[in-house]
Amino acid sequence: MKQSFYVYSSGDLKRKDNTLQFTTYEGEKRDIPVERISDIYVMSEMTFNTNFINYISKYGIPMHFFNHYSFYTGSYYPRESLLAGQMLVRQVEHYTDDSKRIVIARKFIEAAADNIYRNLRYYNGRGKDVSVYMTEIDSLRRGIPSAEKVDELMGIEGNIRKSYYSAWNIIVDQDIRFEKRVMHPPDNMINSLISYVNSLIYTKALSEIYKTQLDPTISYLHEPGVRRYSLCLDLTEVFKPLIGDRLIFSLLNRRQITEGSFTKELNFMHLKQEASRLIVSEFENRLKKTIMHRELGRKVSYQYLMRLEAYRLIKHLIGEKEYEGFRIWW
């Protein structure tokens with residue numbers, strides 16, 4: 001079974017015969033069977049050459065890069081092996097035609113809002129009184145079907161998340177003083193944690209889209225732009241409540257992550273390495289969790305759900321079946 005390879009020690013990545021080898025700057029060496037790697041996460045200073053890049057490209061292995069502050073900085077995305085001209089045309093058509101684009105954008109927000117509401121209902125039933133936020137979000141999401149412009153949808157989504165994040169002060173068993181979402185840069189430990197976890201989900205979505213015929217730069221909810229794979233942003237809206245937010249609640253309520261996991265002098269922007277490793281470990285474990293898929297009739301992992309979401313979108317684009325975003329039912 002393929003898995004992600006995370007590199008925290010500084011060193012050198014290179015091809016060695018028919019496999020990969022990682023050598024730390026201290027001289028420790030580790031051979032990595034290339035057939036077992038799904039993607040590579042570089043969390044440290046790293047050197048590699050074109051021979052290495054050409055080799056991982058042959059196996060379709062993306063690389064994702066994070067800086068000293070655990071902020072995602074970018075990805076190396078191998079040349080697509082599954083792209084089809086007809087699919088690219090369909091993707092573009094559904095973006096340029098406003099009537100087609102808004103249908104898909106609505107579906108993303110409807111699923112995201114439903115999954116957010118499901119999270120609140122889960123905790124409300126376990127002694128966390130967040131009923132006032134559930135009422136607010138239920139009222140807000142009723143406006144989604146009538147939204148005619150993407151900007152209008154994004155405004156609804158913003159208000160839903162504002163109410164949702166207000167409930168975090170009740171859900172989390174630590175004194176987090178979380179008032180609003182701030183991203184560029186994060187201004188406290190919760191915003192730093194959300195940004196880090198969301199970037200992990202974003203890169204996983206990119207890795208899964210790579211295994212389909214979709215072009216990750218053409219999106220429907222988020223505006224396509226330079227230096228980003230905006231379709232990943234669309235898909236992660238659906239999965240952040242299930243994969244990201246539930247992971248964050250667990251980490252905080254178990255006190256696996258606290259203020260001590262961050263560098264206080266840097267306004268909690270810098271996540272310490274041991275905390276980053278812990279989050280990644282818990283994140284990967286969560287991705288391996290399985291559910292009995294209602295349509296397929298078999299168990300699938302959380303990570304595979306993202307690829308299935310891409311397949312659902314493909315069916316919509318080719319006119320086979322209308323897209324419906326994934327919804328938590330448990």
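Before reading further, recall that the structure is shown in the block above.
Residues numbered from 1 in each chain as written. Predicted model: local features only at pLDDT ≥ 70, side-chain atom pairs only at ≥ 80, totals over all residues. Heavy atoms only, no water.

A few words on the packing of helix 3 (residues 98–124) against helix 4 (residues 131–141). For the pair helix 3 and helix 4, the least separation of the axes is 10 Å and the interaxial angle reads 160°. If you check the angle between helix 3 and helix 4, you find them roughly antiparallel. Relative to helix 4, the crossing made by helix 3 is left-handed. Every residue of helix 4 that contacts helix 3 at Ala113, Asp114, Ile116, Tyr117, Leu120, Arg121 and Asn124 is listed here: Ser131, Tyr133, Met134, Ile137, Asp138 and Arg141. Of the residues contributing to the contact of helix 3 with helix 4, the split by class is 7 nonpolar, 2 polar and 4 charged. (Axes fitted to C-alpha atoms, helices over the stretch in contact; angles between N-to-C directions. Helix = DSSP H or I, 4+ residues; strand = E, 2+ residues; numbered from the N terminus. Parallel < 35°, antiparallel > 145°, perpendicular 65-115°, else oblique. Left-handed = near helix turned anticlockwise from the far one by under 90°. Contact = heavy atoms within 4.5 Å. Nonpolar A, V, L, I, M, F, W, Y, C, P; charged D, E, K, R; others polar.)

What follows covers the side chain of His94. Mapping His94 onto the fold places it in helix 2 (residues 85–96). Since its relative accessible area comes to 8%, His94 is described here as buried. (Buried < 20%, exposed > 50% of the residue type's maximum accessible area, 1.4 Å probe, protein only.)

Our next topic: the packing of aromatic side chains. Scanning the entire structure with this criterion turns up 22 aromatic pairs. When the ring of Tyr165 is compared with that of Trp168, the centres are 5.2 Å apart and the planes differ by 75°; the resulting orientation is edge-to-face. The pair formed by Tyr165 and Trp168 is uniform in burial state, with each residue classed as buried. Members of the aromatic cluster, joined through ring pairs, are Tyr6, Tyr41, Phe66, Tyr72, Tyr196 and Tyr202. Here Arg126 stacks its cationic end above the ring of Tyr122, 3.8 Å away from the centre of that ring. (Phe/Tyr/Trp six-rings, centres within 6.5 Å; stacked < 30°, edge-to-face > 60°. Lys NZ or Arg CZ within 6 Å of the ring centre and 35° of its normal.)

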